[in-house]
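# Structural characterization, general
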Amino acid sequence: MMLMVKYPTGSLTHYTKDQTDLLHPRKQKHRKDVVFSDRGMNLEQQINESNKYYLLEDIAVVHKKPTPVQIVKVDYPKRSRAVIKEAYFRQASTTDYNGVYQGRYLDFEAKETRNKRSFPLKNFHEHQIIHLERCLKQKGICFTIIRFVTLNRYFVTPASFVIKAWKTPHKSSMTIQELINNSIEIKSGFRPTLPYLDAIDNFIDRNKKNGR
């Protein structure tokens, strides 16, 4: 029996899907002159693809957090399949992803905007800011991945900067220049689709230099 839940992003999660095939990737040949990029994927898909790569290569274990839901109505169009027709969120979710990398706890949120000059702070909710603060107090590596869709630019931004901006009175957004100055910019590619751990390596090196 397979249960499907539609998340706010529109993606479907199959709870009973056998994922053992992830441990045995198929070898594929690619032309050297082909450039692989985001291939039309949204940010969540890019991160998920990257996480699969990191998992298969034993680099990191990072997963998207499941959203807790209360199932109200289920239909059975086939005996072997169940489809959730009605459900509601039990509680507000925290952040999108968490995991472990080189013995360090990772916790981060992924956001997209079609704005070209700034990212609206209203896209972060209070419970997410509180959660990131708590994880930082426990020495976790916390950050956001922000994608400017129309510019095809990606910024890995420390949670500490996002929290400070969010708490600043009368501040409604982070300008792209602020993100450039306070983030690590990365580019989409292939294997991994979005190499965000390169930015995390940079954060780790900074913390070591600062004795943290």
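Rules behind the numbers
Residues numbered from 1 in each chain as written. Predicted model: local features only at pLDDT ≥ 70, side-chain atom pairs only at ≥ 80, totals over all residues. Heavy atoms only, no water. UniProt positions renumbered as here; feature names shortened; annotations may be inferred. Pairing = 2+ DSSP bridges. Helix = DSSP H or I, 4+ residues; strand = E, 2+ residues; numbered from the N terminus. Axes fitted to C-alpha atoms, helices over the stretch in contact; angles between N-to-C directions. Contact = heavy atoms within 4.5 Å. Salt bridge = Lys/Arg side-chain N within 4 Å of Asp/Glu carboxyl O.

- For the protein chain, the name recorded in an unreviewed UniProt entry is Holliday junction resolvase RecU, with Lactobacillus gasseri as its organism.
- Here the protein chain is described in UniProt, under the heading Catalytic activity (unreviewed entry), as follows: "Endonucleolytic cleavage at a junction such as a reciprocal single-stranded crossover between two homologous DNA duplexes (Holliday junction)."
- Recorded in UniProt for the protein chain, the comment headed Subcellular location (unreviewed entry) runs: "Cytoplasm".

## Focus: the sheet that holds strand E7 (residues 104–113)
- If you walk across this open sheet you meet the six strands as E3-E6-E7-E9-E10-E12, and the pairing is mixed. Both outer strands of the open sheet, strand E3 (61–64) and strand E12 (184–186), are each paired with one neighbouring strand and no more. Adjacent strand axes in the sheet meet at a mean angle of 25° when their direction is disregarded.
- Both E3 and strand E6 (residues 97–101) contribute to a ladder of four bridges, which runs antiparallel. Bridging from a neighbouring strand, valine 62 pairs with glycine 99 of E6.
- Helix H2 (residues 126–137) rests against E7 and strand E9 (141–148) of the sheet, and its axis sits at about 155° to E7.

## Here we look at the pattern of salt bridges
- Summed over the entire model, instances satisfying the criterion amount to ten salt bridges.
- As a salt-bridge pair, aspartate 107 and lysine 65 come within 3.2 Å of each other at their nearest N and O atoms. On the criterion of sequence distance, the pair formed by aspartate 107 in strand E7 and lysine 65 in the loop between E3 and strand E4 (69–78) is long-range, its members being 42 residues apart.
- Between glutamate 109 and lysine 111 there is a salt bridge, with the nearest N and O atoms lying 3.1 Å from each other.
- Via salt bridges that share partners, Glu44, Lys64 and Asp96 belong to a single interconnected network.

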